Amino acid sequence: MTTTPERSGPVPLGVPAPGAFDAHHPPSAELVSDCVHCGFCLTTCPTYTLWGEEMDSPRGRIYLMKSGLEGEPMTDSMVQHFDACLGCMACVTACPSGVQYDKLIEATRAQVERNHTRTPKDRALRTAIFALFPHKRRLRALRAYQRTGMPALVRRTGLLERFAPKLAMMASLAPPPPDKREPIPARTPAVGRRRAVVGLLTGCVQGEFFPGVNAATVRVLAAEGCDVIVPQAQGCCGALSVHNGRDEEAKRFARRTVDAFEAAGVDAVVVNAAGCGSSMKEYALLLADDPAYAQRVEAFAARVRDVSEILAELGSVAPRHPLEVSVAYHDACHLAHAQGVRAQPRALLREIPGLELREIAESAICCGSAGIWNVLNPEPARELGDRKAANIAATGASLLVTANPGCLMQVAASLQRRGARIGMAHTVEVLDASIRGLPPSALGVP
Ligand code: SF4
Ligand code: SF4
């Protein structure tokens, strides 16, 4: 989704204002007033679908923002309803009045982080999550620990599930470490005539949990005529931080990402994780108050492309080999709802001879992953995951394809609980297999 910054001039942090919010970028009253309370968004909202509570719907949350702007204090119950929002943006797609709920909830979350005191347990869990996920080296250490076999041993005792269900959820989602990691060169030349020079964001979770996706992305882009640069100075893009109201941390990550890719001098910045791509396209909003970045970041954000977008823009030149497989394509919320990218991955998959594409019922409803939402809310996340897994299983497809590491982990865990036998892959891994002439079994198809 393209961004028009709604923020006016900088306001110092912590300036008190009446009501739930301080004066530093509260949710915009103007955007709040765009909601005409029609309720068209309700059926696509996962929390409203789960609980049927008005205050856990987009309309209800906007009402809470309005009351916060009108003087209501920030109560625990208000925060609970904001926290329960997955940030899936299905309501943005569904809303006929164009309500920019994405901007509203982002501003609200930053206010919650500044102005609400969380319980010590909640604070500790969030601190642990943010001390781990945005840091590649720490994630790598976690993978090394996984290889010792200890996590499986702990899981078998059932103790973690009993005493720390949120940590148990986190442990259950991590896929087994790959047998070998394919190195990602700093520069990979285009195959044949060069058509573009692109930079690749390797990501934290994508890079550590699904390194094969990055390797496949580099091969496919090179096969389609791109020089692929992987800036070594890049780190976390800040998506998890921004989606959880950790504004200052997100800004630090965003500045570093902008610097790294500007220095690389690329035509486009390619992202293969939907959550990362959506927040990088929104950097102009995040850094609007920063005079050193406000101008530059607009040019940067305009160059950000999901991998399926750039491949569709370039048009395919690399020959596709047949891949006899039935595919259920799952729309990652941050690709479909937040970036409006739905047609491109489907068109790319349909180009593969022998591949049959099947649609999943209730495709607009989130799988329950939503960044770290499934770790913070394990029970409803499991319910949403099971619902998604049932809809996927009903397609009878032998391969599930999606474009976000969080969705892959969440859906894999849900399908595993059902005992479903189905392969799982990122869109770009399917393209890679077709270009290289690999069989469906290379994608884990049984
Ligand atoms: S972002 Fe998703 S969970 Fe949040 S209000 Fe909108 S539809 Fe509901
Ligand atoms: S957010 Fe949009 S769809 Fe939902 S109630 Fe408001 S105007 Fe209607």
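This report concerns the structure included in the present document.

The rules behind these values
- Residues numbered from 1 in each chain as written.
- Chains lettered and ligands numbered in written order.
- Predicted model: local features only at pLDDT ≥ 70, side-chain atom pairs only at ≥ 80, totals over all residues.
- Heavy atoms only, no water.
- Helix = DSSP H or I, 4+ residues; strand = E, 2+ residues; numbered from the N terminus.
- Buried < 20%, exposed > 50% of the residue type's maximum accessible area, 1.4 Å probe, protein only.
- Near = heavy atom within 4 Å.
- Nonpolar A, V, L, I, M, F, W, Y, C, P; charged D, E, K, R; others polar.
- Phe/Tyr/Trp six-rings, centres within 6.5 Å; stacked < 30°, edge-to-face > 60°.
- Axes fitted to C-alpha atoms, helices over the stretch in contact; angles between N-to-C directions.
- Parallel < 35°, antiparallel > 145°, perpendicular 65-115°, else oblique.
- Left-handed = near helix turned anticlockwise from the far one by under 90°.
- Contact = heavy atoms within 4.5 Å.

Side note on unusual backbone geometry
Line of reasoning, step 1. Of note, Met89 is a non-glycine position whose phi angle comes to about 65°, a positive value.
Line of reasoning, step 2. By secondary structure assignment, the location of Met89 is in the loop between α4 (76–84) and α5 (90–94).
Line of reasoning, step 3. When its relative accessible area of 10% is taken as the criterion, Met89 is described as buried.
Line of reasoning, step 4. In this structure, Glu362 is a non-glycine residue whose phi angle is positive, near 55°.
Line of reasoning, step 5. In this fold, Glu362 is placed in the loop between β7 (355–358) and α22 (373–376).

Notes on the site of ligand 2
Line of reasoning, step 1. Surveying the vicinity of ligand 2 reveals 13 residues, the closest of which are Cys35, Cys38, Gly39, Cys41 and Cys95.
Line of reasoning, step 2. When grouped by side-chain class, the residues that make up the shell around ligand 2 number 9 nonpolar, 3 polar and 1 charged.

Description of the packing of aromatic side chains
Line of reasoning, step 1. As enumerated under the stated definition, the model contains 2 aromatic pairs in all.
Line of reasoning, step 2. For the pair Phe261 and Phe300, a centre-to-centre distance of 6.5 Å together with 55° between the ring planes defines the contact as tilted. With a gap of 39 residues between them, Phe261 in helix α15 (residues 247–264) and Phe300 in helix α18 (residues 294–303) connect regions that are remote in the sequence.
Line of reasoning, step 3. Note on Phe261: relative accessible area 0%, which makes it buried.
Line of reasoning, step 4. Exposure remark for Phe300: the relative accessible area of 0% places this residue in the buried category.
Line of reasoning, step 5. Seen from their ring centres, Tyr283 and Phe300 are 5.6 Å apart, and the 15° between their planes marks the pair as stacked. Note that Tyr283 is positioned in helix α17 (residues 283–286) and Phe300 in helix α18, a separation of 17 residues in sequence.

Concerning the packing of α4 against helix α6 (residues 101–115)
Line of reasoning, step 1. One way to put it is that α4 packs onto α6 with a least axis distance of 11 Å and a crossing angle of 130°. Here α4 is positioned oblique relative to α6, judged by the angle of their axes. Judged by the twist between their axes, the crossing of α4 over α6 is left-handed. Residues Val79, Phe82 and Asp83 of α4 form the contact with α6, whose participating residues are Ile105, Thr108, Arg109 and Val112.

Let's talk about α4
Line of reasoning, step 1. Residues Met78, Val79, His81, Phe82 and Ala84 constitute the buried set of α4.
Line of reasoning, step 2. Turning to α4, the residues buried within the fold contact α2 (46–51), α3 (58–69), α6 and α22.

Topic: the site of ligand 1
Line of reasoning, step 1. Residues in close proximity to ligand 1 include Cys45, Pro46, Pro58, Arg61, Cys85, Leu86, Gly87, Cys88, Met89, Cys91 and Tyr101, which together make up its full environment.
Line of reasoning, step 2. Classifying every residue of the shell around ligand 1 gives 9 nonpolar, 1 polar and 1 charged.

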